[in-house]
Amino acid sequence: MNISELIEAMALEMDMTPTEAGEMVNTILDSMSTTLISGNTIEIRGFGSFVIKNYESYRGRNPKTGEKIEVPPKRLPFFKVGKELRERVNN
Amino acid sequence: MKRSNLTRKDLAKTINEDLGFSQRSAGELVDSVFASLRQTLIQGDSVKLVQFGTFTVRKKSSRVGRNPRTGETMEISKRSMVTFKASKGLREKINSSDDE
C-alpha cells in the first residue's frame, strides 16, 4: 500500500473527498515527522511506538573496497511494533 | 529539553484544530488511518509512505535457539515481524536538527 491508496481508502471509508482525506493523512504524517525530528517519541496504542536511537561513531569498513572509515554518530528512528499488531501478523 | 510523547489524542487534536473536524470525528479519523495501516500489515503487505517511511512485514523462518537461563535447546517457531525504515528525507532531517 502506498500513500495514495491510503488516502483513497480513507476517503471511501470515512465519506470524505479525496482532498480532505489527503490533508488529513498528510497532517498526521507531518505531525509524526516533526515529533521525531525534535527528538520526541510517538506511541500509538495497538500499532506501535517510535523512539530516536542515538548511535555513537565507530570505525567501519567500506564493504566493497575494505577501506577503513570513521562512521559519524547518527540518530535513527526505531519502530517497536505494538503487542496487538505483533500478535496479529503472526496469525 | 523536556521530552514529550505523541499519542493518538495529540494527532486528533491537531486534526481538529488545523482542519476543523469536530473532536469526535478527528479521533475517528486518526483511528481509521492506523486501522487501515494495521490491516494492510496483517495481510502481509508492506506500507510505503513516501515522506515518512516504509513498514515491511518480514517472515523469519524457524530456527534452533537456546533458553539462555537453562541452556536447553529448543525450536523457535517461524514468525513474522514488522520493521520500519524511515525515508531518506526524514532521516536527514532527524540528523540535522540541532537538538542534542
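What counts, and at which threshold
Residues numbered from 1 in each chain as written. Chains lettered and ligands numbered in written order. Predicted model: local features only at pLDDT ≥ 70, side-chain atom pairs only at ≥ 80, totals over all residues. Heavy atoms only, no water. Pairing = 2+ DSSP bridges. Helix = DSSP H or I, 4+ residues; strand = E, 2+ residues; numbered from the N terminus. Contact = heavy atoms within 4.5 Å. Axes fitted to C-alpha atoms, helices over the stretch in contact; angles between N-to-C directions. Domains from an automatic or database assignment. Salt bridge = Lys/Arg side-chain N within 4 Å of Asp/Glu carboxyl O. Polar contact = N/O pair within 3.5 Å; in protein donor to acceptor, adjacent residues only side chain to side chain. Nonpolar A, V, L, I, M, F, W, Y, C, P; charged D, E, K, R; others polar.

### Regarding the sheet that holds strand β1 (residues 5–6) of chain B
Thinking step 1. Taken together, the 4 strands give an open sheet; going across it, the order is β5(A)-β2(A)-β1(A)-β1(B), and neighbouring strands pair in mixed fashion. Pairing within the sheet leaves two strands with one partner each, and these edge strands are β5 (74–81) of chain A together with β1 of chain B.
Thinking step 2. Bridge count between strand β1 (residues 41–44) of chain A and β1 of chain B: 2 bridges; the pairing is parallel. Paired with I42 of chain A across the bridge in β1 of chain B is L6 of chain B.
Thinking step 3. Contacts from helix α2 (residues 18–37) of chain A reach β1, β2 (48–55) and β5 of chain A together with β1 of chain B within the one sheet, and its direction differs from that of β1 of chain A by about 135°.
Thinking step 4. Set on the sheet, helix α3 (residues 88–96) of chain B makes contact with β2 and β5 of chain A; between it and β5 of chain A the angle comes to about 125°.

### Notes on the domain arrangement of chain B
All names here are of chain B.
Thinking step 1. By domain assignment, chain B separates into domain 1 (1–43) and domain 2 (45–100).
Thinking step 2. The straight-line distance from the C-alpha centre of domain 1 to that of domain 2 is 23 Å.
Thinking step 3. Residue-level contacts link 6 residues of domain 1 with 9 residues of domain 2.
Thinking step 4. There are 0 salt bridges connecting domain 1 and domain 2.
Thinking step 5. Inspection of the domain 1/domain 2 interface yields 1 residue pair in polar contact (both at pLDDT 80 or more).
Thinking step 6. In the side of domain 1 that touches domain 2, the residues fall into 3 nonpolar, 2 polar and 1 charged.

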